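# Working through the structure, step by step
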Amino acid sequence: MSGTPVRAMVRSPFVLVVGVILTWFIAAFLVWPNINVLIATFFPDGSFSGRAAEKLFSSQRAMKALGNSFLLAVALSITVNAVGIFIVLVTYYFRIRGSRILFLGYATTFIYGGIVLAAGYKFIYGDKGIVTSLLLQVFPSMDPAWFSGFFAVLVVMTFATTTNHMLFVANALKGVDYQTIEAAKNLGASTWTILRRIVLPMLKPTLFAVTILSFLTGLGALSAPQVLGGREFQTITPMILTFTNSPTSRDLAALLAVILGLATMVMLAVMSRLEKGGTYFSVSKVSSELQKQDITNPVANVAVHAVAYLLFAVYTLPVVLIVLYSFADGAAIQTGQLSPGSLTLDNYVRVLTQPAGLRPFVVSVVYSALAAVIAVGGLLFVARLLQKYRNWVASVFEYLLHIPWILPSALLALGLIISYDHPNPLVGGAVLTGTTVILLIAFVTVKIPFTLRMLKASFASVNSSLEEAAAIMGAKTLYVFRRILLPLVLPAAAAITALNFNSLLDDYDTAIFLAHPLVQPLGLVIKANTDGAEGTEGVANTFVYTVLLMVITGVTMYLVYGRSGRRRNRKRLPAVPPSGSIDATDVPPAAGSTASGADSRVPAAPVR
Amino acid sequence: MRKLQTLVAAAVAVTLLAGCGGEAAPGASGEASSAPAGGSGDTLVVYTNSNGEGRGDWLTQKAGEAGFKIEIVGAGGADATNKLIAEKNNPIADVAFGLNNMYFSQVKAADALEPYKPAWAGEVDTQLADGETYWPLVKQAILLGYNSDKFSKDAAPKDWTDLWTKDEFKARYERVTGLGTATAQLVFAGILSRYRDDSGDLGISDEGWKQVEQYFQNGSPAVAKTDLFARIASGEVDMGQMPSSIIADREKSFKVNVDTVIPSVGVPLAVEQIALVKGTKKKDQAQKFIDWFGSADVQGQFAKQFNSMPVNKSAQAQANPEVVDFFADLKQQDIDWEFVQENMGAWVEKIELEYMT
């Protein structure tokens, strides 16, 4: 699609209306608050000083941590792809016995992550873990603390972040035209050749995309290094969080966040450049649905089955243990001693019978749902326009909409407070602090970049001839949008809504600053019940909340992916694969969030 | 196919929206019941970092019995401080409590506190606060505790500095991995204050910074979400920092015995305070609440319930006698809080950047 002149663009009333609203929103909620907070941060006395850069670059620890974050990012890009492609192939491409069950195991990363996930792996491979104890019986001389440092962090994060592969690569795989595979087979190509020469090349754009995601998840790593990194492998995010909290060091936090944010943007730019070179989309108009392949070589078949089930165990064990431990008392969780007799419902009773009760859950569900729906609903129009019109105005808007990726969410929140704690003409002279609206605004803004990228991708995959046909028959812009485009992107939009919803449920960083005192969301309650009191109940509560959130996110994911996914398998492939054709520019990076401390649950990472 | 997908998507959307619609009602009614006078009505909004382990719920209930409608907003010490400062132009909170003098002096410096002299001002040691805006409630000693099953009183360290100067303690003590918590900051306030040197970097002599360096080099880094007591129980480490109020409880949970070190210079005290937020629209009510909460009777009940050490002298009769005795014998370290508060931000930054390995 070639560029559309700006003049032609503004001739459409639809564009004008969306443009005016968008300009206001960007100015009021993306640019103004963040300029305020950055000015307050970098020019505290009205003059700029190079202090932050000087301090950071002369700090060995900061540089090492930054280096570790980048190292992890690069390593993850490789390992997550290896594991991710494998699990996608065994669940969707090869005929593997019990692939449904395997899928459930691999999909566990959809519903949990963060500190509890890291703790789950520690229960198994840590110095007092189950596997370590077994290994010690076989090799008494081995180091019980073998599972720590870079290696352990890499392993845990690799298995924790294959979510993107299960969502996006799997979708792309479903879009591969089976006729090409059949043709190759008829020509005598082996399983391996078909995989290497036909299937994987078709997946390339999506693989580019999820590679960036993995890179960014690595950059923002927080809890896995904290739990398993030990002295040798600490990353930069904890330091960003500490400095964000200290008014006198906030400039350091902002600078670090900006460095990571820029890395994100550079990565995106490079990938979109790479992408432009090739044509990967060969989805034919009369494609036929992919059929599962047998692995003909019996040795390979056995080996693949074995690895698949081994991975299944690796994925599933931590979840099982977390659920089990959520019934144990805090001391048992921390010392790793679990006896069947000590499992009680006490933790759940304590958490669920607090005076606040279910109210925080309700508040969070409402806020998250509203924010998810508004972000997706609003951006449907914007994404459509940005995808249709390619000119400098559109590019400027697009880049501005990515601002929330660059700053940590605590800074975004502070920016909103200092900008709207007095009557401000940008919002019609209203004061926003202390209202219930301000948190909703923040929730919507932080979800904008991811939503925009994913929606743009799904609009890009819409066959433009449908739209042209409608237009020729006299349909108006809005009619085309409502009757032709919307139904086509709705499945993707619903999926994005669900991901946004899940990731906002336990938000703390934004809510702590913006929540209305009488309408406090779950994140604050979780924090109150798990922090400071790390002793006994606090840790047990963390596990209970994790399990409760697993249930909510599990249900959401089932509603969106589980059911539609199954239907998709049964029925014919749509002419337009849902979100199979994401190009690398349309990546939902995790960065920016890098510094938000929001990897509390991993699904949040890809979703930001 | 497409129809089905759309249906599913629509179903999800409807579910979500129904969620909103359906839930909005109880949410709104809940709000209404707690705030009859519209908006936040006469409900006092109370910021605190001391709401964990049931304190917030206890206080809400007791306050309700005394005729105060309060809504507690819990946040970590640093978060609550930042929030109070950020909101100073249009405050949401009416009262803040639980933050220690370091945090409150930051809030005061940002001009976000309203001077108020509570009715019980005469019953507390005003030296523990600023005597103007924030007033002391609860004392907390920041201690070095050790596993007393492993070390006898004689064999135990006598001061923090022993940890990195004597070989038998090296790698046996837990050191922090971040300075975000009040406890950690107070430990360093206690250590660095001893090396005050106005010509040194950030007011501390080179010798002082060397102590910090040694502390980090020789300690065993804390493990996220693993309590020090859990590590003591498993034998990973034998000692580390702990606030006085948690010890009894943790000893029981983890089945360990811990004794504490009282260095000859004394121990740093964290004093949790209460203050009136500047610009509150419910000043009268908020002042009454402060008068009520700091009173001997309420502080006594609070102390009894949560094993804390009340500052209010008349409340000490109700507190756990063991706790009162402990504090009676305790030598308080003489710390220039103004100096500490001025420099803490820069100290934390320097330590994070240069010494934490």
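Cut-offs applied
- Residues numbered from 1 in each chain as written.
- Chains lettered and ligands numbered in written order.
- Predicted model: local features only at pLDDT ≥ 70, side-chain atom pairs only at ≥ 80, totals over all residues.
- Heavy atoms only, no water.
- Helix = DSSP H or I, 4+ residues; strand = E, 2+ residues; numbered from the N terminus.
- Buried < 20%, exposed > 50% of the residue type's maximum accessible area, 1.4 Å probe, protein only.
- Contact = heavy atoms within 4.5 Å.
- Areas by Shrake-Rupley, 256 points an atom, 1.4 Å probe, with all protein chains shown as cover.
- Polar contact = N/O pair within 3.5 Å; in protein donor to acceptor, adjacent residues only side chain to side chain.
- Axes fitted to C-alpha atoms, helices over the stretch in contact; angles between N-to-C directions.
- Parallel < 35°, antiparallel > 145°, perpendicular 65-115°, else oblique.
- Left-handed = near helix turned anticlockwise from the far one by under 90°.
- Nonpolar A, V, L, I, M, F, W, Y, C, P; charged D, E, K, R; others polar.
- pLDDT = per-residue confidence, 0-100.
- Salt bridge = Lys/Arg side-chain N within 4 Å of Asp/Glu carboxyl O.
- Patch = residues over 30% accessible without salt bridge, like charges linked within 9 Å, V, L, I, M, F, W, Y side chains within 5 Å.
- Core = buried A, V, L, I, M, F, W, Y, C linked by side-chain atoms within 4.5 Å.
- Phe/Tyr/Trp six-rings, centres within 6.5 Å; stacked < 30°, edge-to-face > 60°.

## Thoughts on the overall build of chain A
The helix and strand inventory of chain A stands at 28 helices and 0 strands. Counting all 608 residues of chain A, 60% fall into the buried class. Counted over contacts in chain A with a minimum sequence separation of 6, partners at least 24 positions apart contribute 80%. Only carbon and sulfur atoms are counted for the fraction: they give 67% of the accessible area of chain A, which is about 23,300 Å².

## Here's the deal with the overall build of chain B
Within chain B one finds 13 helices and 12 strands. The buried share of chain B, reckoned over its 357 residues, is 59%. When contacts within chain B are restricted to residue pairs at least 6 apart in sequence, long-range pairs at least 24 apart make up 74% of them. In the structure as shown, chain B presents an accessible area of about 13,900 Å², 49% of it carried by carbon and sulfur atoms.

## Regarding the environment of A372 of chain A
Residues and elements named next belong to chain A. Mapped onto the elements, A372 comes out in helix 18 (residues 359-388). When its relative accessible area of 0% is taken as the criterion, A372 is described as buried. For the pair formed by A372 and A494, sequence separation is 122 residues and the distance between their alpha carbons is 9.5 Å. Every residue in contact with A372, bar those within four places of it in the chain, is listed here: T497, N500 and F501.

## Here's the deal with the side chain of S12 of chain A
Residues and elements named next belong to chain A. The residue S12 is located in the loop between helix 1 (6-9) and helix 2 (13-42) in this model. Looking at S12, the relative accessible area reads 16%, which means it is buried. One polar contact links the side chain of S12 to the main-chain amide nitrogen of F14, over a distance of 3.2 Å.

## Overview of the environment of L353 of chain B
By the secondary structure assignment, L353 of chain B is in helix 13 (residues 337-355). Residue classification places L353 of chain B among the buried residues on the basis of a relative accessible area of 3%. Apart from the residues lying within four places of it in its own chain, the contact partners of L353 of chain B are K55, L56, S59, Q60, R61, A62, M239, F243 and L252 of chain A.

## Observations regarding helix 26 (residues 522-530) of chain A
Counting buried residues along helix 26 of chain A, 8 of its 9 residues qualify, which places the element largely inside the surrounding structure. Of all the residues in helix 26 of chain A, the buried ones are L522, G523, L524, V525, I526, A528, N529 and T530 of chain A.

## A short note on the packing of helix 3 (residues 77-86) of chain B against helix 4 (residues 101-109) of chain B
All names here are of chain B. Taken N-terminus to C-terminus, the directions of helix 3 and helix 4 make an angle of 15°; their axes are 9 Å apart at the nearest point. Taken together, the axes of helix 3 and helix 4 lie roughly parallel to each other. Classified by chirality, the crossing of helix 4 by helix 3 is right-handed. In contact with G77, A78, T81, L84 and I85 of helix 3, helix 4 contributes Y103, Q106 and V107. In the contact of helix 3 with helix 4, the residues fall into 5 nonpolar, 3 polar and no charged.

## Focus: unusual backbone geometry
Residues and elements named next belong to chain B. Of note in this structure, D111 is not a glycine but carries a positive phi near 65°. Looking at the secondary structure, you find D111 in the loop between helix 4 and strand 4 (113-114). For L202, which is not glycine, the phi torsion reads 55° and is therefore positive. Among the structural elements, L202 can be located in the loop between strand 7 (196-201) and helix 7 (206-218).

## Remarks on the confidence of the model for chain A
Per-chain confidence: chain A averages 82 in pLDDT, with 88% of residues scoring 70 or above. Under a pLDDT of 50 for its full length, residues 565-608 of chain A has, in the predicted model, 164 contacts with residues more than four places off or in other chains.

## Overview of the side chain of S214 of chain A
Mapped onto the elements of the fold, S214 of chain A is located in helix 11 (residues 191-219). The residues contacting S214 of chain A, other than those within four sequence positions of it, are A73, L76, S77 and V80 of chain A.

## Here's the deal with the pattern of salt bridges
When their charged atoms lie close together, side chains carrying opposite charge are able to pair. Evaluated as defined, the whole model comprises 25 salt bridges over all chains. In this structure, K153 of chain B engages D259 of chain B in a salt bridge whose closest nitrogen and oxygen atoms are separated by 3.9 Å. Of this pair, K153 of chain B sits in the loop between strand 5 (134-147) and helix 5 (162-165) while D259 of chain B is found in strand 10 (residues 258-261), placing the two residues 106 residues apart along the sequence. The partly exposed category is assigned to D259 of chain B, whose relative accessible area is 29%. Across the salt bridge formed by R196 of chain B and D198 of chain B, the nearest N and O atoms sit 3.6 Å from each other. Given a relative accessible area of 64%, D198 of chain B falls into the exposed group. When salt bridges that share partners are traced, they join R51 and D251 of chain A together with E349 of chain B into one network.

## Brief notes about a nonpolar patch on the surface
Together, I35, I39, F43 and F48 of chain A line one region of the surface with nonpolar side chains, adding up to about 380 Å² of accessible area. One can find I39 of chain A in helix 2.

## Focus: the nonpolar core
One finds F29, Y93, Y106, L173, L401, L514 and F543 of chain A to be the most contacted residues of the largest nonpolar core, which totals 216 residues. Examining the composition of this core, we find that 15 residues originate from one element, helix 4 (residues 60-93) of chain A, more than from any other. Apart from residues lying up to four places away in sequence, L514 of chain A is in contact with A413, L416, I417, T435, I438, L439 and A442 of chain A together with K83 of chain B. One finds Y116, L228, V237 and I247 of chain B within the second-largest nonpolar core, a separate group that totals 53 residues.

## Re the packing of aromatic side chains
Residues and elements named next belong to chain A. Under the criterion given, the structure shown has 46 aromatic pairs over all chains. Centre to centre, the rings of Y121 and Y125 are 6.1 Å apart; their planes meet at 25°, and the pair counts as stacked. Note that Y121 and Y125 are positioned in helix 6 (residues 114-125) at a spacing of 4 residues, about one turn of the helix. You can call Y121 buried: its relative accessible area is 1%. We classify Y125 as buried; its relative accessible area is 13%. On the numbers, 4.8 Å between centres and 15° between planes, the contact of F381 with F481 is stacked. You can see F381 sitting in helix 18 and its partner F481 sitting in helix 24 (residues 477-504), a full 100 residues away along the chain.

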